[in-house]
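# Residue-level structure breakdown
If you want the building blocks of each chain, they are given just below.
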Protein chains: 2
Amino acid sequence: MKFRRSGRLVDLTNYLLNHPQESVPLTFFSERYQSAKSSISEDLAIIKQTFQQQGIGTLITASGAAGGVKFIPKVEREEAEEMIRDLCELMEDRERILPGGYLYLMDIIGRPDLIKKIGRLFASVYADKGIDYVVTVATKGIPIAYAVAELLNVPVVVVRRDSKITEGSTVSINYLSGSSKRIQTMLLSKRSLKEHANVLIIDDFMKAGGTINGMNSLLEEFQAEVVGIGVLMEVIADEERLVDDYVSLLKLEYLDSKKSSIRVNQGNYFLNLA
Amino acid sequence: MKFRRSGRLVDLTNYLLNHPQESVPLTFFSERYQSAKSSISEDLAIIKQTFQQQGIGTLITASGAAGGVKFIPKVEREEAEEMIRDLCELMEDRERILPGGYLYLMDIIGRPDLIKKIGRLFASVYADKGIDYVVTVATKGIPIAYAVAELLNVPVVVVRRDSKITEGSTVSINYLSGSSKRIQTMLLSKRSLKEHANVLIIDDFMKAGGTINGMNSLLEEFQAEVVGIGVLMEVIADEERLVDDYVSLLKLEYLDSKKSSIRVNQGNYFLNLA
């Protein structure tokens, strides 16, 4: 089928958005559109300019016979600040405060549009870190992990707290939860992860960091390299923090369920931007 | 900022893809691009034609002063057949067979690109059914539920099997699992669902249908209307099926772990297409 430029621009945009972090040879597009590579290159220049101008991301193009294009999603600083400000506001709703100083998050975690934005923020930080897997622990981290993994074009691996027969053989560890000092178990299917992989850990919440520390130990069993840790919200904790190199979008500064008072600020996200 | 047509086409395509099932007034775009509504209408006609031709979905446009546009993701029958054929092949790998006649699925469930396609298939069936929530049960159904919900532009609600303090007050039910005939519990946070909502249930696997039947009972407590049930894979079961109105992408016809033999066919998906 022959395409005009306008049709090519629409389809190319859709294709690139749906194949982030994937090198696509120009030949693929010139066959798809029955168009010369020079025309495709011009299309890509227009798309690159618009993506950058609109803060969608960037295109990396390699010219020549083996030339190709790769879409890297990126969030501009200004948009990131706005997203995180919006999240702070959503979080600082007194209605979220549960007895015992806990926070109801399921409505936020349940919104695919917000999850997608959160995913873009993390993917922007880890786009060029050579991540092979995104690892999370069941269950609230799962949607965030998928949103990040989709943009990094890598699989998701889910650590569980209970064994299921459908996992096959597993590796398990016991660890000390940071805040309650209880012994807990987590496990991972043996075939879920190749050895010596570069891994990004994603979770929704981090207090002392016991869970993430446990994941670190579990991942050591797979000779994995933890390249990054991303959490939606960190909590100012009294006890010593077990994890120090992480990226947080939000920081729960203060939560008093008796006074029904809560304070959420931005996390360390912007300290981690290049 | 003033845009030329080529830049508008790229940005419009990105915007629409990221806002499925959302009515956007033409005024929004004419301000965004500092362009006349008539030019925007021409842009949208080009996008609509390309989206339909390439099987991306359709645009519904309303003209006049209050005119607007809505993107409805759709999968064409031919593409759906190819996707489901590919999934069958992936599933029919003997390496997946676990002792006891179980199937290892985590590598498939772990791939965001496949999950996205699975989401498009379900969203295509339920796009015009007025769904308010996608409901799933922890944990393997979660990524599929988000992929569908994103395209339907509605929130996800996750039913749990164990109570967590961060859920707040919950409604719980006991139910009989269809295959093992054991009493199990599931629960849902009280504030997770508005009353009288239209709900789509999504899960990864259905054998006798006990879990989905349990979800039906739990959702009755919220006066919810179950408008549809979508499962990635149904299993030919000896016992009586407890659920009969559902859409399945795949059907596990046969699985013998001793003989290391497995047969997966397409489910009833195409019987449910308009």
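How each quantity is defined
Residues numbered from 1 in each chain as written. Chains lettered and ligands numbered in written order. Predicted model: local features only at pLDDT ≥ 70, side-chain atom pairs only at ≥ 80, totals over all residues. Heavy atoms only, no water. UniProt positions renumbered as here; feature names shortened; annotations may be inferred. Phe/Tyr/Trp six-rings, centres within 6.5 Å; stacked < 30°, edge-to-face > 60°. Buried < 20%, exposed > 50% of the residue type's maximum accessible area, 1.4 Å probe, protein only. Lys NZ or Arg CZ within 6 Å of the ring centre and 35° of its normal. Domains from an automatic or database assignment. Contact = heavy atoms within 4.5 Å. Buried area = accessible area lost by both parts, 1.4 Å probe. Salt bridge = Lys/Arg side-chain N within 4 Å of Asp/Glu carboxyl O. Polar contact = N/O pair within 3.5 Å; in protein donor to acceptor, adjacent residues only side chain to side chain. Helix = DSSP H or I, 4+ residues; strand = E, 2+ residues; numbered from the N terminus. Expected span 1.5 Å × (residues − 1). Least-squares fit on C-alpha atoms with pLDDT ≥ 70 in both. Pairing = 2+ DSSP bridges. Axes fitted to C-alpha atoms, helices over the stretch in contact; angles between N-to-C directions.

Chain A goes by Pur operon repressor in an unreviewed UniProt entry, where it is assigned to Bacillus carboniphilus. Taken directly from UniProt, the Subunit (unreviewed entry) text for chain A runs: "Homodimer." The Sequence similarities (unreviewed entry) comment attached to chain A in UniProt states, word for word, "Belongs to the purine/pyrimidine phosphoribosyltransferase family. PurR subfamily."

## Structural notes on the packing of aromatic side chains
Applying the stated rule across the entire model yields 14 aromatic pairs over all chains. With a centroid separation of 6.1 Å and 5° between ring planes, the pair formed by B:Phe29 and B:Tyr33 is classed as stacked. Overall, B:Tyr33 belongs to the buried group, its relative accessible area being 0%. The aromatic ring of B:Tyr104 is capped on one face by A:Arg191, whose charged end is 4.4 Å from the ring centroid.

## Some words on the domain arrangement of chain A
Residues and elements named next belong to chain A. By domain assignment, chain A separates into domain 1 (5-73) and domain 2 (77-271). Between the C-alpha centres of domain 1 and domain 2 the distance comes to 33 Å. Contact with domain 1, which involves 7 residues of that partner, is made by 8 residues of domain 2. Together domain 1 and domain 2 conceal approximately 560 Å² of surface at their shared face, both sides included; 43% is due to carbon and sulfur atoms. When the buried area of domain 1 at its contact with domain 2 is split by residue, Pro 20, Gln 21 and Pro 73 rank highest and sum to 71% of it. Counting every contact that joins domain 1 to domain 2 gives 0 salt bridges. In this assembly, domain 1 and domain 2 are joined by 2 residue pairs in polar contact (both at pLDDT 80 or more).

## A word on the interface of chain B and chain A
Contacts between the two partners involve 51 residues from chain B, matched on the other side by 51 residues from chain A. Between chain B and chain A lies a buried interface of about 4,500 Å² when both sides are counted; carbon and sulfur atoms form 61% of it. Per-residue buried area on chain B facing chain A is highest for B:Val10, B:Tyr104 and B:Tyr146; these three make up 14% of the total on that side. Our count for the chain B to chain A interface comes out at 2 salt bridges. Where B:Lys116 meets A:Glu150, a salt bridge forms, and the shortest distance between an N and an O atom there is 2.8 Å. Where chain B meets chain A, there are 18 residue pairs in polar contact (both at pLDDT 80 or more). Those elements that place two or more of their residues in the side of chain B that touches chain A are α1 (5-17), α3 (37-53), β5 (102-103), α5 (106-109), α6 (112-126), α7 (142-152) and β7 (156-159) of chain B. Of the residues forming the side of chain B that touches chain A, the biggest block, 8 residues, is contributed by α1(B).

## Examining the pattern of salt bridges
Enumeration over the complete set of coordinates arrives at 26 salt bridges over all chains. Here A:Arg263 ties to A:Glu92 by a salt bridge, and the two come within 3.1 Å at their closest N and O atoms. Residue A:Arg263 is located in strand β13 (residues 261-266), and its partner A:Glu92 is located in the loop between α4 (77-91) and β4 (97-98); the two are separated by 171 residues in the primary sequence. The partly exposed category is assigned to A:Glu92, whose relative accessible area is 26%. Across the pair B:Arg160 and B:Asp162 runs a salt bridge whose closest N-O atoms are separated by 3.3 Å. Residue B:Arg160 is classed as buried on the basis of its relative accessible area of 7%. Residue B:Asp162 is classed as partly exposed on the basis of its relative accessible area, which comes to 42%. Connected through shared salt-bridge partners, A:Arg5, A:Arg8, A:Glu42 and A:Asp43 make up one network.

## Some points on helix α1 (residues 5-18) of chain A
Its 14 residues give α1(A) an end-to-end C-alpha distance of 20 Å, which sits within 8% of 20 Å, the value for a rise of 1.5 Å per residue. Every buried residue of α1(A) is accounted for by A:Gly7, A:Arg8, A:Leu9, A:Val10, A:Asp11, A:Leu12, A:Thr13, A:Asn14, A:Tyr15, A:Leu16 and A:Leu17.

## Observations concerning the relation of the copies chain B and chain A
In screw terms, the move from chain B to chain A is a rotation of 180° and a rise of 0.0 Å along the axis, fitting with an RMSD of 0.0 Å. These values place the two chain copies in the arrangement generated by a two-fold rotation axis. The share of interface residues of chain B whose copies in chain A are also at the interface is 100%, consistent with both copies meeting through the same surface.

## Quick look at the UniProt feature "domain: Bacterial purine repressor N-terminal" (unreviewed entry) in chain A
In the numbering used here, UniProt assigns the "domain: Bacterial purine repressor N-terminal" (unreviewed entry) feature to residues 4-73 of chain A. As a span, residues 4-73 of chain A carries 54% helix and 20% strand, and end to end its C-alpha atoms are 26 Å apart.

## As for the sheet that holds strand β10 (residues 198-206) of chain A
Residue and element names in this part refer to chain A. Read from one edge to the other, the open sheet built from 6 strands follows the order β7-β6-β10-β11-β12-β13, with strand pairing classed as mixed. Since the sheet does not close on itself, it has two edges, and those belong to β7 (156-159) and β13, each with one partner. For this sheet, the mean angle separating the axes of adjacent strands, direction not counted, is 25°. Relative to β10, strand β6 (residues 133-137) runs parallel, the two being bridged by 3 bridges. From the neighbouring strand, Tyr 133 faces β10, where its bridge partner is Val 199. Against the sheet, helix α8 (residues 210-220) contacts β6, β7, β10 and β11 (225-235), and its axis sits at roughly 160° relative to β10.

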